[in-house]
Amino acid sequence: MQADFFAKKRRNSFIYFALLIFLTWGAITVTEYDVIKGFTSIPKAVEWTFSNFYPNEKAMTKLPDILKTLVETVLVSIAATTVAALFALLCAILGSNTTGINGIFSSFSRAVAALFRNIDVAAWSMILLFSFGQNVLTGYFALFFGTFGFLTRAFMESIDEVSQSSVEALRATGAGYFPIIFQSVIPASMPQLLSWILFMVETNIRHATLIGILTGTGIGFLFSLYYKSLNYSSASLVVIVIVAAILIIEYISNYVRRVIL
Amino acid sequence: MTTLLEFKNVSKQYGHDTKALSDVSFAVKEGEFVSIIGPSGAGKSTLLRCINRMIDASSGEIIFDGANVMDFRKKELKKLRTRIGMIFQHYNLVNRLSVIENVLHGRLGYKSTLAGVLGLYTEEEKQQAYSILRILGLEDHIYKRCDQLSGGQKQRVGIARALVQNPKMLLCDEPIASLDPNASRIIMEHLKNISSSMGITVIINLHQVDVALKYSDRIIGVNKGRVVYDGTPDGVKTNELQSIYGTDFGKTVDEQGGQHAG
Amino acid sequence: MGWGWDESIRAVNDKAGNKAGQIHNKPIRTKPFNKASFVIQITLLTLVALTLYGFSSFDYKDVHFFEAAYNSLVTVKTMFLEPHFQHFTFAGALKQVIVTLGLAFLTTLFGAVIALFLGLLAARNLSSNTVSVMIKGMVAFIRGVPTVLWVLIFAVAAGLGSVAAVIGMTFHSVGYLIKAYSESFEELDKDVVEALKASGANWWQIVFQAVIPSSITYLISWTFMRFEINFAVAVAMGAAAGAGGIGFDMFMASAFYYDVREIGVITYFILAFAIALEILATRMKRKLRAAE
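Residues numbered from 1 in each chain as written. Chains lettered and ligands numbered in written order. Predicted model: local features only at pLDDT ≥ 70, side-chain atom pairs only at ≥ 80, totals over all residues. Heavy atoms only, no water.

### Overview of the overall build of chain C
Part 1 of the argument: Looking only at helices and strands, chain C has 11 helices and 0 strands in total.
Part 2 of the argument: The linear arrangement of helices and strands in chain C, starting from the amino end, is α-α-α-α-α-α-α-α-α-α-α.
Part 3 of the argument: Counting across all 292 residues of chain C, residues that qualify as buried make up 48%.
Part 4 of the argument: Partitioning the intrachain contacts of chain C with sequence separation of at least 6 by distance along the chain shows that 74% fall at a separation of at least 24.
Part 5 of the argument: Within the structure as shown, chain C displays about 14,800 Å² of accessible surface, and the carbon and sulfur contribution to it stands at 65%. (Helix = DSSP H or I, 4+ residues; strand = E, 2+ residues; numbered from the N terminus. Buried < 20%, exposed > 50% of the residue type's maximum accessible area, 1.4 Å probe, protein only. Contact = heavy atoms within 4.5 Å. Areas by Shrake-Rupley, 256 points an atom, 1.4 Å probe, with all protein chains shown as cover.)

Pasting the structure below:
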């Protein structure tokens, strides 16, 4: 009996392990991944980074330009997040289980959110590139749509989690729909909502870099410009500036989270 | 005294074959303190929520203050709910808001949408909220956030929120189920006090038989969605308890007694 | 209040031994000050101010907003309602999605293996404070560099392609999973570790006999969630960093062939897989919550 138990456990582990190996082999084959090159490229990349990828004096002269573009990219990320959050809040309130107006609308807003969330920002930016061209609005709307989809789902979950009980209590006092929303749902879930918004600001700055590379705008464009012209010292300065910006914003939002949650 | 609430053959069905209430009939007089007891899942909570239509009964009549609440449209329903206060097992407060804000939530049903949205309360309402908090012994905590209160204090905030509605009746859904014995006693005394001195009718769902017997004017025993006992606390003997809780009752009572002593 | 509210209050007050009708002598504020609400308000105001400032400072380059917005709608409509295959076939597209899945799989696998060890070292209950803080600092730095930059930096050494893509994407996977794993480990009951320590088990034995078995469901679910994210990342890297797979086809359809309809087909493919993965991940999460 006991021997059986351990034998079975071992057999199961073996099956899972074999499956994993098989999937790995399959993935290596279809992606034409070169395992040896994978290992050797790491020391090579490290060596290259230390010998080429740092800012020199010439790169420093570009710093004002880089900072100006960075500020623009950060502002685009923030603006896209806040406006998307506003729309997402509306959609989440109308669609959540606790405060939703009806089942059909609820399913509808969930479906819309899923659609927007699963079309990647990369796809959005290419779609928008057709009409808006190499413009700051291309990046703005690409971020906006993805953020809207993500926040709608996140907000719905937060609202349901936090405010279900107090909504029941206020309904029992005879309060109307809008007073309940403004006196109970929003105050109760505000910290969670804000935490999601801050998370999305951080994420969007990373996404903005990617979108910039694809659409030729903002800090991402600057990076790919230097990168493609093999001006690695200036490119490294861009990376350093982005990392600094992201870390600062992360620090601020961690502080805010600590206080409010 | 006049009859305030009357159930006439009320049933509630979920889906096709789950009956939460079947053919429930009873009447409650003004100012009475009525306990509803019964095992978990007997339909106590559904029964209570049918009164203020948080749950809609499937059939029958529920007469409150001379009108059948089952016929009420949206506006009348809102008005009905302002006259019935409700108290919950998990207090159902907005934990991040202050005590005074949570109490004033009880006034929202009387306000226009705009005033409610903006949270504009009159000085009179604030003073009333304060007086009630004083009665409940919370006057030192009015600006505290509710998540800093103990369970018993939170439940008193819940009671204050219901009282500030100027209700004719209080519905209490397991108000002491999450509290320790001492806090439970304080809450029950407050409820009893409210009922006797303000003349507010109280209907309360309880798990603890001894508590129900001690405080109530009347006991309604519910089992499997049916009223199996309706009478004075004196009339509740082993036999009656067995019909409410099933034949294993002897055991249950010991466990509950033990819980209370601890 | 026809039934004598004030009298009732007075009656209760008298009973409680209080002076009748005593009222609060200072005006009652309904919004008392607290730090959390203050910080929330300041943060919201800052975000709104930055948004407004942003809108006023952007260089819009005379874009005709409504015209462009209308054109975008037309593009989206054409894309979704008239998709067609031009430069590849159905089977070809399917193969490319599988390549993207493969990239995501390898990235997740490498990330999971590395993160498992570093996650053990980052968990406060299994490791020393210094090591834990060091690893968490490293994770913060890794996450500071956007994935696309990791991939492009590696592409210089390894050339554009799957090697650079997988290694570059692995960085963020490692960062994400270290955080997730170490938090799962930290949830482990302290007493279990103590009991095993008392029985003379060494660190590795504790890890493999207690820590990993008791948190395995969390580990699997977090890993799968990361796989879902990595699929989207792999699509984006295909487009932005030449990593291959369906993302690269999308980039070609958009930047070289200007073929909106083909982008439509590709988007449908990606959507189908992304939503399938999301549903799987949600189910897994729900199962986990039920198991708790």
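So that's the structure; there's more coming.
### Things to note about the pattern of salt bridges
Residues and elements named next belong to chain B.
Part 1 of the argument: Here the structure, examined in full by the defined rule, presents 22 salt bridges over all chains.
Part 2 of the argument: Residue E125 pairs with K111 through a salt bridge whose shortest N-O separation is 3.0 Å. With a gap of 14 residues between them, E125 in helix α5 (residues 123-135) and K111 in the loop between α3 (99-104) and α4 (113-118) connect regions that are remote in the sequence.
Part 3 of the argument: Accessibility expressed as a relative area gives 9% for E125, which makes it buried.
Part 4 of the argument: For K111, a relative accessible area of 15% corresponds to the buried category. (Salt bridge = Lys/Arg side-chain N within 4 Å of Asp/Glu carboxyl O.)

### Quick notes on the sheet that holds strand β8 (residues 201-206) of chain B
Residue and element names in this part refer to chain B.
Part 1 of the argument: With respect to topology, 6 strands assemble into an open sheet ordered β6-β7-β8-β3-β9-β10, the strand pairing being mixed. The open sheet has two free edges, formed respectively by β6 (84-87) and β10 (226-231), since each of these has just one partner strand. Going from strand to strand, the sheet's axes swing by 15 degrees on average, the running direction of each strand aside.
Part 2 of the argument: In the packing of helix α1 (residues 44-51) onto the sheet, contacts are made with β3 (33-37), β6, β7 (169-173), β8 and β9 (218-223), and the angle to β7 comes to roughly 155 degrees.
Part 3 of the argument: In the packing of helix α6 (residues 151-163) onto the sheet, the strands contacted are β6 and β7, and the crossing angle to β6 comes to about 170 degrees. (Pairing = 2+ DSSP bridges. Axes fitted to C-alpha atoms, helices over the stretch in contact; angles between N-to-C directions.)

### Concerning the packing of helix α8 (residues 177-215) of chain A against helix α9 (residues 218-228) of chain A
Residues and elements named next belong to chain A.
Part 1 of the argument: Between α8 and α9, the shortest axis-to-axis distance is 6 Å and the interhelical angle comes to 60 degrees. In terms of orientation, α8 and α9 fall into the oblique class. The handedness of the crossing between α8 and α9 is right-handed. For the pair α8 and α9, contact is made by T209, G212 and I213 and by I219, G220, F221, F223 and S224, respectively.
Part 2 of the argument: In terms of residue class, the contact of α8 with α9 is made up of 4 nonpolar, 4 polar and no charged. (Parallel < 35°, antiparallel > 145°, perpendicular 65-115°, else oblique. Left-handed = near helix turned anticlockwise from the far one by under 90°. Nonpolar A, V, L, I, M, F, W, Y, C, P; charged D, E, K, R; others polar.)

### Structural notes on the domain arrangement of chain B
Residues and elements named next belong to chain B.
Part 1 of the argument: The domain architecture assigned to chain B consists of domain 1 (1-83 + 169-262) and domain 2 (92-166).
Part 2 of the argument: Relative placement of domain 1 and domain 2: their C-alpha centres are 25 Å apart.
Part 3 of the argument: Contact residues are listed per partner, giving 14 residues for domain 1 and 12 residues for domain 2.
Part 4 of the argument: The junction of domain 1 with domain 2 conceals about 1,100 Å² of combined surface from both sides, 72% of it contributed by carbon and sulfur atoms.
Part 5 of the argument: Of all residues in domain 1, the largest losses of buried area upon contact with domain 2 belong to T82, I187 and H190, amounting jointly to 42% of the total for that side.
Part 6 of the argument: The tally of links between domain 1 and domain 2 comes to 0 salt bridges.
Part 7 of the argument: At the level of elements, α2 (74-82) and α7 (181-198) are the ones that each hand at least two residues to the side of domain 1 that touches domain 2.
Part 8 of the argument: Per-element tally for the side of domain 1 that touches domain 2: the top contributor is α7, with 7 residues.
Part 9 of the argument: Among the residues forming the side of domain 1 that touches domain 2, the class breakdown is 10 nonpolar, 2 polar and 2 charged. (Domains from an automatic or database assignment. Buried area = accessible area lost by both parts, 1.4 Å probe.)

### Quick look at the interface of chain A and chain C
Part 1 of the argument: On the side of chain C, 74 residues touch chain A, which itself brings 69 residues to the contact.
Part 2 of the argument: Contact with chain C buries surface across chain A, with Y33, N118 and F130 of chain A losing the most and accounting together for 10% of the total.
Part 3 of the argument: On inspection of chain A and its partner chain C, the count reaches 3 salt bridges.
Part 4 of the argument: Here chain A and chain C share 11 residue pairs in polar contact (both at pLDDT 80 or more) between them.
Part 5 of the argument: Sort the elements by how many residues they give to the side of chain A that touches chain C and helix α10 (residues 232-260) of chain A lands first, with 11 residues. (Polar contact = N/O pair within 3.5 Å; in protein donor to acceptor, adjacent residues only side chain to side chain.)

### Structural notes on the nonpolar core
Part 1 of the argument: Formed by 192 residues in total, the largest nonpolar core has its most connected members in F223 of chain A, L170, M188 and L191 of chain B together with F231 and M237 of chain C.
Part 2 of the argument: When residues in this core are grouped by element, the largest group, 16 residues, is from α8 of chain A.
Part 3 of the argument: For F223 of chain A, the residues in contact, after removing those within four places along its chain, are F53, I213, A235, V238 and V239 of chain A together with L149 and L152 of chain C.
Part 4 of the argument: Of all hydrophobic cores here, the second largest spans 34 residues; its members include A172 of chain A together with I62, F64 and I203 of chain B. (Core = buried A, V, L, I, M, F, W, Y, C linked by side-chain atoms within 4.5 Å.)

### Side note on the packing of aromatic side chains
All names here are of chain A.
Part 1 of the argument: Considering all chains together, one arrives at 44 aromatic pairs over all chains under this definition.
Part 2 of the argument: Taken together, a centroid distance of 6.2 Å and an interplanar angle of 35 degrees make the contact between F22 and W25 tilted. Taken as a pair, F22 and W25 lie in helix α1 (residues 2-31) at a separation of 3 residues, close to a single helical turn.
Part 3 of the argument: F22 sits in the exposed class, given a relative accessible area of 52%.
Part 4 of the argument: Between the aromatic rings of W124 and F145, the centroid separation amounts to 4.5 Å while the plane-to-plane angle is 35 degrees, which identifies the pairing as tilted. (Phe/Tyr/Trp six-rings, centres within 6.5 Å; stacked < 30°, edge-to-face > 60°.)

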